[in-house]
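In case you want the letters, here they are:
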Amino acid sequence: MEIWIMIAVAIVFILWRMRPVKGTKTITTETLKGILNDKDKVFVDVRTPGEYKSRNIHQFKNMPLGSDLSKLPKDKEIVVICQSGMRSAQACKQLKKLGYENITNVRGGMSAWRS
């Protein structure tokens, strides 16, 4: 019985961490393909430099999670990606706390990206 409670708690925790940040948009990688050349958006990849170097979308600037995100412009939409969508969700929360209004998270991240 205890093991089932632990499994349930773990599942709830994972789902809680994956929920969208209030006040941010979430898009699919298919939608991302249509906006990659939009000059009114800033594209940020929050994966590690090694992950970014091995595979990336050239419009995205690498700013690993924990970087100073306050240097990003506040007058443009910030589109955030990571490997699976969890780190980018954390980055969206940080951006929201810094006062950014127009934030978009890419659901599924690079794991879902098919160029």
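Reading the values: the criteria
- Residues numbered from 1 in each chain as written.
- Predicted model: local features only at pLDDT ≥ 70, side-chain atom pairs only at ≥ 80, totals over all residues.
- Heavy atoms only, no water.
- Pairing = 2+ DSSP bridges.
- Helix = DSSP H or I, 4+ residues; strand = E, 2+ residues; numbered from the N terminus.
- UniProt positions renumbered as here; feature names shortened; annotations may be inferred.
- Phe/Tyr/Trp six-rings, centres within 6.5 Å; stacked < 30°, edge-to-face > 60°.
- Lys NZ or Arg CZ within 6 Å of the ring centre and 35° of its normal.
- Salt bridge = Lys/Arg side-chain N within 4 Å of Asp/Glu carboxyl O.
- Buried < 20%, exposed > 50% of the residue type's maximum accessible area, 1.4 Å probe, protein only.
- Expected span 1.5 Å × (residues − 1).
- Arc of directions from axis to C-beta.
- Contact = heavy atoms within 4.5 Å.
- Core = buried A, V, L, I, M, F, W, Y, C linked by side-chain atoms within 4.5 Å.

### Examining the sheet that holds strand β4 (residues 77-81)
No. 1: Within the open sheet, the 5 strands sit side by side as β1-β5-β4-β2-β3. Their pairing is parallel. On the outer flanks of this sheet lie β1 (25-27) and β3 (61-62), each paired with one strand and no other.
No. 2: Looking at chain direction, β4 and strand β5 (residues 103-106) are connected through 3 bridges and run parallel. Residue pairing for β5: Val-79 is matched across the bridge by Thr-104.

### Observations concerning the UniProt feature "domain: Rhodanese" (unreviewed entry) in the chain
No. 1: Per the UniProt annotation, the sites labelled "domain: Rhodanese" (unreviewed entry) are residues 37-114.
No. 2: Annotation note: span residues 37-114, helix share 28%, strand share 21%, distance between end C-alpha atoms 17 Å.

### Topic: the packing of aromatic side chains
No. 1: Considering all chains together, one arrives at 1 aromatic pair under this definition.
No. 2: When the ring centre of Tyr-100 is taken as origin, the NZ or CZ atom of Lys-74, which lies over that ring, is 5.1 Å away.

### Looking at the pattern of salt bridges
No. 1: Counted according to the given criterion, the structure contains 6 salt bridges.
No. 2: Here Glu-77 makes a salt bridge to Lys-25, at a shortest N to O gap of 3.3 Å. Taken together, the positions of Glu-77 in strand β4 and Lys-25 in strand β1 put the pair 52 residues apart, joining distant regions of the chain.
No. 3: Note on Glu-77: relative accessible area 7%, which makes it buried.
No. 4: Assessed through its relative accessible area of 43%, Lys-25 is described here as partly exposed.
No. 5: Taking the shortest distance from any N to any O, the salt bridge between Asp-38 and Lys-41 comes out at 3.1 Å.
No. 6: Under the relative-accessibility criterion, Lys-41 is labelled buried at 17%.
No. 7: One network of salt bridges, in which partners are shared, links Lys-25, Asp-38, Lys-41 and Glu-77.

### Brief notes about helix α4 (residues 86-97)
No. 1: The end-to-end C-alpha separation of α4 is 17 Å, in line with the 16 Å expected for 12 residues at 1.5 Å each.
No. 2: Among all positions of α4, only Ser-88, Ala-89, Ala-91, Cys-92 and Leu-95 are buried. Down the axis of α4, the sector holding all buried residues measures 160°, keeping them to one side.
No. 3: For α4, the elements touching its buried residues are β4 and β5.
No. 4: Downstream of α4 by one or two residues, Gly-99 has phi in the positive range, about 100°.

### Quick word on the pairing of β4
No. 1: Most of β4 sits out of view: 5 of its 5 residues are buried.
No. 2: The two faces of β4 match: Glu-77, Val-79 and Ile-81 on one face and Ile-78 and Val-80 on the other face are all buried.

### A look at the nonpolar core
No. 1: With 14 residues, the main nonpolar core has Val-44, Leu-72, Ile-78, Val-80 and Leu-95 as its most contacted residues.
No. 2: Sorting elements by how many residues they give to this core places α4 first, with 3 residues.
No. 3: Sequence-distant contacts of Val-44, that is, excluding residues within four places in its chain, are made with Phe-60, Lys-61, Met-63, Leu-72, Ile-78, Val-79, Val-80 and Ile-81.
No. 4: The next biggest cluster of nonpolar side chains, apart from the first, holds 12 residues, and it includes Ile-35, Ile-57, Phe-60 and Ile-81.

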